[in-house]
Amino acid sequence: MSAPFVPTTLHQRRLREVWRSAGWPCQDLIEIDLLAAGLLERVRQPSGPDCLRVTDAGVRVLADTLQRNRAKRDAHEALVECVAREMTRNGRLAWQGLSLLAPLARDDTSVALPLTVKDAADDALRRDDWLGEPPPRPPALPPARWVSAMPDVYSVRHTTVEAYLEPIVHEVKVRRSDLLADLNRPAKRAAYLALSSQCWYVLKAGIAEPHEVPPECGVIFATGTTLDVARPAPRRPFQMPFGLWMALARSTPMPGWRAEEAQACLGETQQLDDLDRPAD
């Protein structure tokens, strides 16, 4: 007796494609599996080639896949919200789902280039205190290619001093497979490093060990809403470039940690009028 058919990710993707399309067949091995399992059926056309239709059993497979994906997203989004709230409680401005551009070296996608590089030779040429031949120009940096990065949480300190901003990236993972896929993309990690002074991986407790995450990133374990630092992230000097400033200016940060919420953690609140009223 043959084992029951278990649709893989490729089978589920093909079912979604047929569901959204006019059902034109590809006539490959994936469709053979789906037709044999009764998840697809051929529809005879009075004229022209046959087309495919998702059966009721195929619709049930799509519905089950949708429910599982929603549950995964809900767990991920809940942890992202928890991390962002923790950043605001620490007095930082936090954004979720920003789409940012980061420069990477063309010859090595794992190398992040600085977003702003001060040319010492140009600085010297602008000064009036040099005599004789101008100083030699420093070697040119390798040309950059810009990649899109979407950190789960991006935050900066709430300060007017640029040197104190300390932008931080938090990447949240609740499934081990997602973490391993992310670690196999060095360009993505390099983009996060190019956009921040610290990069952290926030992992659901039990899906990985700290040594599995590259040493240039910190590790935080999440148990429910409790966040525990497993390994601190190295701090690197960072100067906020103009393009990143503009991206933050066009986006709305999360609402901050309200003063009344902070006071509620300390105990009962008093009205200011009561404090100003003289004692009897």
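Residues numbered from 1 in each chain as written. Predicted model: local features only at pLDDT ≥ 70, side-chain atom pairs only at ≥ 80, totals over all residues. Heavy atoms only, no water.

**Student:** Just to check I follow, could you spell out the pairing of strand S7 (residues 168-173) for this structure?
**Tutor:** Each regular strand displays side chains that alternate between the two surfaces of the sheet. Among the six residues that make up S7, six are buried, leaving the element largely enclosed by the rest of the structure. Judged by which residues are buried, S7 turns out to be covered on both faces: Ile168, His170 and Val172 on one side and Val169, Glu171 and Lys173 on the other are all buried. In terms of strand pairing, strand S6 (residues 153-157) meets S7 through three bridges, oriented antiparallel. Paired with Tyr154 across the strands is Val169, a residue of S7. As judged from the six bridges shared by S7 and strand S8 (residues 198-204), these two strands associate in the parallel manner. What sits directly across from His170, in S8, is Trp200. (Buried < 20%, exposed > 50% of the residue type's maximum accessible area, 1.4 Å probe, protein only. Helix = DSSP H or I, 4+ residues; strand = E, 2+ residues; numbered from the N terminus. Pairing = 2+ DSSP bridges.)

**Student:** Just checking my understanding: could you explain unusual backbone geometry for this structure?
**Tutor:** A negative phi angle is the norm for most residues apart from glycine, just as the trans form is the norm for most peptide bonds. Of note in the backbone geometry, Gln27 takes a positive phi value of approximately 60 degrees without being a glycine. Here Gln27 shows up in the loop between helix H1 (9-20) and helix H2 (29-36). Residue classification places Gln27 among the exposed residues on the basis of a relative accessible area of 71%. Positive phi values are uncommon outside glycine, yet Glu166 reaches one of about 45 degrees. One can find Glu166 in the loop between S6 and S7. Classification of Glu166 by relative accessible area gives partly exposed; the value is 25%.

**Student:** Hey, could you run me through the nonpolar core in this one?
**Tutor:** General note: in soluble globular proteins, nonpolar side chains tend to be found buried as a group. Core analysis: the biggest nonpolar cluster contains 32 residues, and Leu100, Tyr154, Leu195, Tyr201, Leu203 and Met240 have the highest contact counts within it. Secondary-structure elements contributing two or more residues to this core are strand S4 (100-105), strand S5 (144-149), S6, helix H5 (176-183), helix H6 (186-194), S8, strand S9 (218-223) and helix H7 (242-249). Ranked by residues supplied to this core, first place goes to H6 with five residues. Ignoring anything within four residues of it in the chain, the contact list for Leu100 reads Val147, Ser148, Ala149, Pro151, Tyr154, Leu195, Leu244 and Ala247. (Core = buried A, V, L, I, M, F, W, Y, C linked by side-chain atoms within 4.5 Å. Contact = heavy atoms within 4.5 Å.)

**Student:** Can you walk me through H5 in this structure?
**Tutor:** Residues three or four positions apart in an α-helix share a direction because the helix packs 3.6 residues into each turn. Residues Leu179, Asp182 and Leu183 constitute the buried set of H5. End-on, the buried residues of H5 take up no more than an arc of 95 degrees, which puts them together on one face. Where H5 is buried, its residues contact S7, H6 and S8. (Arc of directions from axis to C-beta.)

**Student:** Help me out: how do you make sense of the sheet that holds S7 in this one?
**Tutor:** To summarise the sheet geometry, strands pair through backbone hydrogen bonds and adopt either a parallel or an antiparallel arrangement. Overall, mixed pairing links the six strands, which are arranged S3-S6-S7-S8-S9-S10 in an open sheet. Every interior strand has two partners, whereas the edge strands, strand S3 (92-96) and strand S10 (226-231), have only one. Strand-to-strand twist across the sheet, computed as the mean angle between neighbouring axes with direction ignored, equals 25 degrees. Strands S7 and S8 of the sheet are contacted by H6, whose axis makes an angle of about 145 degrees with S7. (Axes fitted to C-alpha atoms, helices over the stretch in contact; angles between N-to-C directions.)

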